[in-house]
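# Descriptive analysis of the structure
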Amino acid sequence: MKNADIKYLKVLATQYPNIAAAATEIVNLNAILSLPKGTEHFITDIHGEYEQFRHVMCNGSGAIQRKIEDEFGSSLGIPEKRTLAMIIYYPELKIKQIQGMIEGVEEMEDWYRVIIFRLVRVCKNASSKYTRSKVRKSLPQDFAYIIEELMAGRPDVADQEAYYYEIINSVIHTGRAPELIIALSHLIRRFTVDHLHVVGDIFDRGPYPHLIMDDLMKHHSLDIQWGNHDILWMGAAAGSVACMCNMLRISARYGNLAILEDAYGINMIPLMRLAIECYEGPVSKTFDVHISDDEYDRSFAELDAKMHKAISVIQFKVEGQLIKEHPEWDMDDRLLLDKMNLEKGTIVLNGVEYPLNDTFFPTIDMNNPYELTYEEHDVVDRLRNSFLGSERLQRHIRFLYTKGSLYKVYNGNLLFHGCVPMNEDGSFMEVKLFGKKYSGKALYDILEHYARKGYFSLDPKEKKKGEDILWYIWLNKNSPVFGKQKMATFERYFIDDKATHEEPKNAYYRLYEKEEIVDKILIEFGLDPKGAHIINGHMPVAVKKGESPMKCGGKLLVIDGGFSKAYQSKTGIAGYTLIYNSYGLILAAHEPFESLEKTVLSEVCMHSHIVMDQNAVKRKKIADTDTGKQIREQIDELQELLEAYRNGSLVEKI
């Protein structure tokens, strides 16, 4: 046996000091391998839509309804099942509603008894695929003993019947029934979904990304694949001025500047002052707020439009400076300010002259169009300091870095937001960054490497490289999370000819119906194409036009169906979510979430329908997962430890 092996086994022996301890752990680990795999939940392109996100998270994309159906079948009527489901989703709100409906104390106590008994049954069903140790660790501290006894108890056995029901009666008589119901409901949700995958774009458009991030930070087990809009916020929090300006422009466009100030403490007064001083009079309709939400205060619409224009102009200037600084990024076609002729009111693009719909640019010096004015410099500095000093924003972004990555290989599936950049012939596109060429997986890896440097590096030069790369990932034609030839923001704002607004997609989106292409990508990321899937966000599926989220016969799944209200008029639905349990994959399409009040009080659940139900040939166990591979490695190491004890290489501690 090698010295290195002996050293490792000596370390392992501190945890398992004798044959009995090592053998017991081997028995335990082998038993775990035979359990069904945990349920994975995939969600993408949330875009700040908190209420819809919360509802999908609470109902596990229909997984909880299936647990209720499995447990009760025809023994409960549909209304009773619906009420039970709503209690599990929103226990605090539903209990208050029921308390207002039931007048008598005895009737209320009877209701508590029935609901607690039913919740315990669902909880036992949901926890059946876990070890008792894992279940015990998940129990809420206040009710750990009570819930464990109720879940292990046998009310159908005469010796335990009185004991079992006395626990429930005592909880009710001590006034803790509502708290127990809430605890059981949260526990059922915890057991129903073992792991959450967020396949990008938590931020932008919708008004409540901060609430979504707060919820995600409380989740028991998750990973995040960064979307282009997440990258934008990561860049802004890191100090990238170009990312910050883009993020503020989008926030202004969707009426979220006030929420930015309230939620993250970003001081918008400098930008507001610049907008008022420089952009007097009416502003072009281009900069109107794109929102239909009744919560938006329309009295701010004119001011928001001015701020929208002010930050847009700053963005185009700052981006122009970056493009000139990095000629190797091949973005000269996005240098547009110097192509304007404000006297004629036109701009020349690719040799074609187009009329501008707006020529009022008081802060642009056409002799040096990409230079910020003194006032703009001051605004940028103040805003950047505000972003860097926002404690809540920095906490959220650090969490994104901790739990996130550009792609994830998990249990035989490849997850990413966007595309793998490809040429029309199906080869991986070669991209040059800082003097070296990268393609396929290597491109993802180097971009993620610099994205982390942009936030964490202590070396100013390396940090600057990283900040610039974060902006590059946001909108460069070679970026995996963008995947288009250009971002036509300027054209959409200032040129009416819609032909200039087109953003041609990467060849990936024309090739992903071909099995050889999908297999090639899976192999590139170390996966066996047989049984593996690509799970993709970023591009909304136009269901209204007959487009399907299933590509390449279901081998590639695009699960962005319009979670954001801004996309729902195009997609016709309100997003897809994916469930991967021990039986296979279930893809669900969701209708728009109307209101929490209607959902809870009227028990009108957001309608979802199954788009795909891809059953496994045999039920998957933990042995078939990534965790299973790790457990088998542990078993092999423990077997070596056992052998070392038995042949005398190591001495047991009794």
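Conventions used here
Residues numbered from 1 in each chain as written. Predicted model: local features only at pLDDT ≥ 70, side-chain atom pairs only at ≥ 80, totals over all residues. Heavy atoms only, no water. Helix = DSSP H or I, 4+ residues; strand = E, 2+ residues; numbered from the N terminus. Rg over C-alpha atoms; globule rule 2.2 N^0.38 Å. Buried < 20%, exposed > 50% of the residue type's maximum accessible area, 1.4 Å probe, protein only. Contact = heavy atoms within 4.5 Å. Areas by Shrake-Rupley, 256 points an atom, 1.4 Å probe, with all protein chains shown as cover. Lys, Arg positive; Asp, Glu negative; His and termini not counted. Charge placed at Lys NZ, Arg CZ, Asp CG, Glu CD. Core = buried A, V, L, I, M, F, W, Y, C linked by side-chain atoms within 4.5 Å. Expected span 1.5 Å × (residues − 1). Polar contact = N/O pair within 3.5 Å; in protein donor to acceptor, adjacent residues only side chain to side chain. Pairing = 2+ DSSP bridges. Axes fitted to C-alpha atoms, helices over the stretch in contact; angles between N-to-C directions. Salt bridge = Lys/Arg side-chain N within 4 Å of Asp/Glu carboxyl O. Patch = residues over 30% accessible without salt bridge, like charges linked within 9 Å, V, L, I, M, F, W, Y side chains within 5 Å.

### With respect to the overall build of the protein
- Each helix and strand counted, the protein has 27 helices and 17 strands in total.
- Here the C-alpha atoms of the protein give a radius of gyration of 28 Å, agreeing with the 26 Å that 2.2 N^0.38 yields for 654 residues.
- Viewed in the frame of its principal axes, the protein has a C-alpha envelope of about 95 × 75 × 45 Å.
- Looking at the 654 residues of the protein, the share that counts as buried comes to 57%.
- Relative to all contacts within the protein whose residues are 6 or more apart in sequence, the contacts with residues 24 or more apart total 73%.
- About 29,100 Å² of surface is accessible on the protein, with carbon and sulfur atoms providing 50% of the total.
- Between the centroid of the 80 positive side chains of the protein and the centroid of its 94 negative side chains there is a distance of 4 Å.

### Focus: the nonpolar core
- One finds Ile202, Leu216, Ile397, Leu433, Trp471, Tyr508 and Ile521 to be the most contacted residues of the largest nonpolar core, which totals 141 residues.
- Broken down by element, this core gets its largest block of residues, 11 residues, from helix H17 (residues 301-325).
- Apart from residues lying up to four places away in sequence, Ile397 is in contact with Phe203, Trp233, Met234, Ala237 and Tyr455.
- Residues Val120, Leu139, Ile147 and Ala183 belong to the second largest nonpolar core, which totals 46 residues.

### Some details on helix H21 (residues 460-475)
- If you check H21, its first and last C-alpha atoms are 23 Å apart, about what 16 residues at 1.5 Å a residue would give, namely 22 Å.
- Most of H21 is tucked away, with 12 of its 16 residues classed as buried.
- Among the residues of H21, those classed as buried are Glu462, Lys463, Gly466, Glu467, Asp468, Ile469, Leu470, Trp471, Tyr472, Ile473, Trp474 and Leu475.
- Between the side-chain oxygen at the start of H21 and the backbone nitrogen of Lys461 there is a gap of 3.0 Å, and the oxygen is on Asp459.

### Some words on the sheet that holds strand S8 (residues 407-410)
- Taken together, the 5 strands give an open sheet; going across it, the order is S8-S9-S12-S14-S13, and neighbouring strands pair in mixed fashion. Each edge of the sheet is formed by a strand with only one pairing partner; in this case those strands are S8 and strand S13 (550-551).
- Of the pairings in the sheet, the one linking strand S12 (residues 533-537) to strand S14 (residues 556-558) comprises 3 bridges and is parallel in character. In the strand pairing of S14, Ile534 is matched with Leu556.
- Contacts between helix H24 (residues 515-524) and the sheet are confined to strand S9 (413-417), S12 and S14, with S12 contributing the most and set at about 95 degrees to the helix.

### Notes on the pattern of salt bridges
- Enumeration over the complete set of coordinates arrives at 34 salt bridges.
- One salt bridge in this structure joins Lys37 and Glu40, with 3.0 Å as the shortest N-O distance. The same class applies to Lys37 and to Glu40, which are both buried.
- For Lys344, the salt bridge goes to Glu353, with nearest N and O atoms at 2.9 Å.
- Owing to a relative accessible area of 53%, Lys344 belongs among the exposed residues under this scheme.

### Here we look at the sheet that holds strand S6 (residues 352-355)
- Spatially, S4-S5-S6 is the arrangement adopted by the 3 strands of the open sheet, whose pairing is antiparallel. Unpaired on one side and paired on the other, strand S4 (340-341) and S6 mark the two borders of the sheet.
- In the sheet, strand S5 (residues 346-349) pairs with S6 via 4 bridges, with the strands oriented antiparallel. Along S6, the bridge assignment pairs Val348 with Glu353.

### Some details on the environment of Ile559
- Mapped onto the elements, Ile559 comes out in the loop between S14 and helix H25 (565-571).
- The sequence separation of Ile559 and Ile188 amounts to 371 residues, and the corresponding C-alpha distance is 25 Å.

### Focus on a negative patch on the surface
- A surface patch of like charges, here negative, comprises Asp5, Glu633, Asp636 and Glu640.
- When residues of the negative patch are assigned to their parent elements, the largest contribution, 3 residues, is made by helix H27 (residues 626-646).
- Among the structural elements, Glu640 can be located in helix H27.

### Some points on the pairing of S8
- Pairing between S8 and S9: 4 bridges, direction antiparallel. Paired with Tyr407 across the bridge in S9 is Phe416.
- Following S8, the chain reverses through 2 residues before pairing antiparallel with S9; Asn411 in that reversal takes a positive phi of roughly 50 degrees.

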